[in-house]
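If you want the building blocks of each chain, they are given just below.
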Amino acid sequence: MKISYATGKRKTAVAKVWVKPGSGKILVNGMDLNAWLGGHEAIKLKVVQPLLVTKQEALMDIKASTLGGGYNAQAEALRHGISRALAIMDADFRALLKPKGLLTRDSRSVERKKYGRRKARRSPQFSKR
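(A) Spotlight on the packing of aromatic side chains. Under the defined criterion, the tally for this structure stands at 1 aromatic pair. Measuring from centroid to centroid gives 5.1 Å for Y5 and W18, while their planes differ by 45°, and the two rings are tilted. Here Y5, found in strand β1 (residues 4-10), pairs with W18, found in strand β2 (residues 13-21); they are 13 residues apart in sequence, far enough to count as distant. With a relative accessible area of 33%, W18 lands in the partly exposed category. Sitting over the face of the ring of W18, K63 holds its NZ or CZ atom 5.3 Å from the ring centroid.

(B) Structural detail: unusual backbone geometry. Of note in the backbone geometry, K11 takes a positive phi value of approximately 50° without being a glycine. Structurally, K11 is set in the loop between β1 and β2. For K55, which is not glycine, the phi dihedral falls at a positive 60°. Mapped onto the fold, K55 is located in the loop between α2 (41-53) and β5 (60-67). Overall, K55 belongs to the exposed group, its relative accessible area being 63%.

(C) The pattern of salt bridges, seen in detail. This structure, assessed with the given rule, holds 7 salt bridges. A salt bridge links E76 to K46, with the shortest nitrogen-to-oxygen separation between them at 2.9 Å. Remark: K46 occurs in helix α2 and E76 occurs in helix α3 (residues 71-89); sequence separation between them is 30 residues. The class for E76 is buried, based on a relative accessible area of 13%. The partly exposed category is assigned to K46, whose relative accessible area is 25%. For R121, the salt bridge goes to E111, with nearest N and O atoms at 3.1 Å. Highlighted residues: R121 in the segment after α4 (91-97) and E111 in the segment after α4, separated in sequence by 10 residues. On the basis of relative accessibility, which here comes to 62%, the residue R121 falls in the exposed class.

(D) Representation of the packing of α2 against α3. Contact geometry for α2 and α3: axes closest at 8 Å, N-to-C directions at 5°. Comparing the axis directions of α2 and α3 gives the class roughly parallel. Touching I43, K46, V47, Q49, P50 and L51 of α2 are Y71, N72, A75, E76, L78, R79, I82, S83 and L86, all from α3. Among the residues forming the contact of α2 with α3, the class breakdown is 9 nonpolar, 3 polar and 3 charged.

Reading guide: rules and limits
- Residues numbered from 1 in each chain as written.
- Predicted model: local features only at pLDDT ≥ 70, side-chain atom pairs only at ≥ 80, totals over all residues.
- Heavy atoms only, no water.
- Phe/Tyr/Trp six-rings, centres within 6.5 Å; stacked < 30°, edge-to-face > 60°.
- Helix = DSSP H or I, 4+ residues; strand = E, 2+ residues; numbered from the N terminus.
- Buried < 20%, exposed > 50% of the residue type's maximum accessible area, 1.4 Å probe, protein only.
- Lys NZ or Arg CZ within 6 Å of the ring centre and 35° of its normal.
- Salt bridge = Lys/Arg side-chain N within 4 Å of Asp/Glu carboxyl O.
- Axes fitted to C-alpha atoms, helices over the stretch in contact; angles between N-to-C directions.
- Parallel < 35°, antiparallel > 145°, perpendicular 65-115°, else oblique.
- Contact = heavy atoms within 4.5 Å.
- Nonpolar A, V, L, I, M, F, W, Y, C, P; charged D, E, K, R; others polar.

Here it is, written out as structure tokens:
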């Protein structure tokens, strides 16, 4: 039984992912995917997207731990980690995942706040008098 490990990242969220052949169970932070994400169906679809693309949704067990960021960033980090773990497990999956952009790390993050500004780019309100 071959276990594959990978890390996925998005904004400040990091997901550590272990993928192994199994029955299709997904455990995130010790919880089932439905318990972890509740009623967020669109975000659940993001998480299982790499499995759907490679047609492995009922054949792989996933165990993951996530930290940092919000639940959406964590879900996208998890998707990135699952994609990388599948690509490591089988080289044929890479050809399916790469064109969909699932192996690319989304490097967008929050811009830092600058001095003299209210946010990163927002200036203080101008007063003529």
